[in-house]
Amino acid sequence: MGGTAGAGRGAAERPILRVLAGEALSPPPAWMMRQAGRYLPEYRAVRAEAGSFLDLCYNPDFATEVTLQPIRRFGFEASILFSDILVVPHALGQDVRFVEGEGPRLDPMAGRPEFDRLIEAGDPRIMRHLAPVFETVGRLRAELPAETTLLGFCGAPWTVASYMIGGRGTPDLAPARALAARDPALLDALIDRLVAVSIEYLVRQFEAGADAVQIFESHAGSLPDVPAGETGDALARWSLEPIARMVSGIRARVPGAKIIVFARGSGLEGHARVAAETGADAVGVDWAVDLKALRARLPASVVTQGNLHPETLIAGGAALDAAVDAILEATAGTPHIFNLGHGITPQTPIAHVERMLARLRG
């Protein structure tokens, strides 16, 4: 079954889809990574009712509700599906759990025996496991305002693989980097499987009602070295090339699919390479990159997204006003989506989000 990206009532007038088509809007439309989350009291109430974090992700009633909460409160121009990048390894048969106060824990994939126990790409059990996610997407499209863009998402293969190998997030991703040095063919095989499954996963999100999707390469700053004697650089081999295969695979089935790629930690050079080497419509920009310098290196038609520092949002006041103004100045006359340079943190005051949007829109 195929689909057409952005189909549905009011799609042509959704500001973020207009920007993703190359239109520069003033002020730019806005959303925030992790906008449905612990900084909102209404989220915390639903989270307590849901039980475990995965129960919240897999329950369409709860997942729809928390996704809609920031739209009701702030009127963001995009709503991003509430889920987690680790539902994909969970669907592949790896044990995934979330420990309160510590984050995700997986049974580490230390070598080939663990890899061989994963479900093969194309096995119908994978998408059956993820069916509640697609139900949530469908409900969201029916309940969101017509002008609000609905974003689906998944993790990029390297980022998801790093969790699968290490069993948790680690500062330097040492377990995944060690596996790449010890058995690069195994890492290639894992990434290939994640590419295939992620294509299907995002196509199903489009078919359920998503207008666009974001691919999160959250760990682009900790890529393993390319094995001795092999050609290519780490960013291309382990990150951009697999994402490019995803982009082309999605568009083969969803013509015109709008795709944002966020390669956190890849630096100015890495961010400049994202659109050219993956085919993405938009480059998500982390807070460490000089947005003005990046725009100077990109074709005028390339869309950017970001890159307010989450800590500046916590600080608020004049510093926040100045940072918003600087982003608007750096992206003036170019297609840009206002966002943070990483996810909003739980301690962020709601009043500061309101101030940010007032400054942006005023």
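Because the structure is predicted, anything quoted here is derived from the model rather than measured.

A. Representation of the overall build of the chain within the structure. Counting its secondary structure elements, the chain contains 17 helices and 9 strands. At 19 Å, the chain has a C-alpha radius of gyration in line with the 21 Å of a compact globule built from 362 residues. Projected onto its principal axes, the C-alpha positions of the chain cover 55 × 45 × 40 Å. Looking at the chain residue by residue over its 362 residues, the buried ones come to 59%. Sequence separation of at least 24 residues holds for 72% of the intrachain contacts in the chain that already meet a minimum separation of 6. As displayed, the chain offers around 13800 Å² of accessible surface, 52% of which is attributable to carbon and sulfur atoms. In the chain, which carries 35 positive and 42 negative side-chain charges, the distance between the mean positions of the two groups comes to 1 Å.

B. Just the pattern of salt bridges, in detail. Using the criterion set out here, one finds 29 salt bridges in the structure. Close ionic contact of Glu102 with Arg105 constitutes a salt bridge, the shortest N to O distance being 3.0 Å. Residue Glu102 is classed as exposed on the basis of its relative accessible area, which comes to 53%. For Arg105, a relative accessible area of 13% corresponds to the buried category. In this structure, Glu135 and Arg139 form a salt bridge, with 2.8 Å as the shortest nitrogen-oxygen distance. One end of the pair is Glu135 and the other is Arg139, both in helix 8 (residues 131–143) and 4 residues apart, which spans about a single turn. In this structure Arg139 comes out as partly exposed when scored by relative accessible area, which is 28%. What you see here is one network of salt bridges that share partners, running through Asp321, Asp325, Arg355 and Arg359.

C. Inspection of the UniProt feature "site: Transition state stabilizer" (unreviewed entry) in the chain at higher detail. As annotated by UniProt and renumbered to match this structure, "site: Transition state stabilizer" (unreviewed entry) occupies Asp84. Within the secondary structure, Asp84 sits in the loop between strand 1 (78–80) and helix 5 (87–91). The exposure class assigned to Asp84 is buried, which follows from its relative accessible area of 17%. Setting aside anything within four residues of it in sequence, one finds Asp84 in contact with Phe53, Cys57, Phe98 and Phe153. One polar contact links the side chain of Asp84 to the main-chain amide nitrogen of Leu86, over a distance of 2.9 Å.

D. Here's a closer look at the UniProt feature "binding site: substrate" (unreviewed entry) in the chain. Under the feature "binding site: substrate" (unreviewed entry), the UniProt entry names Arg34, Gln35, Ala36, Gly37, Arg38, Asp84, Tyr163, Ser218 and His342. These annotated residues cover 309 residues of sequence, and their C-alpha atoms sit far apart, with the largest distance between any two at 22.7 Å. The topology assignment puts Gly37 in the loop between helix 1 (15–20) and helix 2 (41–50). By secondary structure assignment, the location of Ser218 is in the loop between strand 5 (212–217) and helix 12 (234–253).

E. Spotlight on the pairing of strand 2 (residues 96–99). The pairing of strand 2 with strand 3 (residues 103–106) spans 4 bridges and is antiparallel. Considered in strand 3, the bridge of Phe98 is made with Pro104. Hairpin connection from strand 2 to strand 3: 3 residues lie between these consecutive antiparallel strands, with Gly101 at a positive phi of about 80 degrees.

Reading guide: rules and limits
- For every chain, the first residue of the written sequence is number 1, and numbering continues from 1 onward in sequence order.
- Where local features are concerned, this predicted model is filtered to residues with pLDDT of at least 70; where side-chain atom pairs are given and counted, the filter is 80 or more; whole-chain, interface and lining totals use all residues.
- Values shown for side chains rest on all heavy atoms present in the structure; no hydrogens or waters enter the calculation.
- Helical segments are the DSSP runs of H or I of at least four residues, strand segments are the runs of E of at least two, and each set is numbered from the N terminus.
- Based on C-alpha atoms, the radius of gyration is set beside the globule rule, defined as 2.2 Å times the residue count to the power 0.38.
- Accessibility here uses a 1.4 Å probe with only protein chains present; expressed as a share of the type maximum, an area under 20% marks a residue as buried, one over 50% as exposed, and anything in between as partly exposed.
- Any two residues whose heavy atoms approach within 4.5 Å at even a single point are treated as in contact.
- Note on areas: Shrake-Rupley with a 1.4 Å probe; residue coverage comes only from the protein chains shown.
- Only four residue types enter the charge count, namely Lys and Arg as positive and Asp and Glu as negative; His and the chain termini do not.
- Think of each charge as sitting on NZ of Lys, CZ of Arg, CG of Asp or CD of Glu.
- Each reported salt bridge corresponds to a side-chain nitrogen of Lys or Arg within 4 Å of a carboxyl oxygen of Asp or Glu.
- UniProt positions are given in the numbering used here, feature names are shortened, and annotations may be inferred rather than shown by experiment.
- Two N or O atoms count as a polar contact when they lie within 3.5 Å, although within protein this holds only if one can serve as hydrogen donor and the other as acceptor, and sequence-adjacent residues are included solely when both atoms are side-chain atoms.
- A pair of strands counts as paired when DSSP detects no fewer than two bridges linking them.

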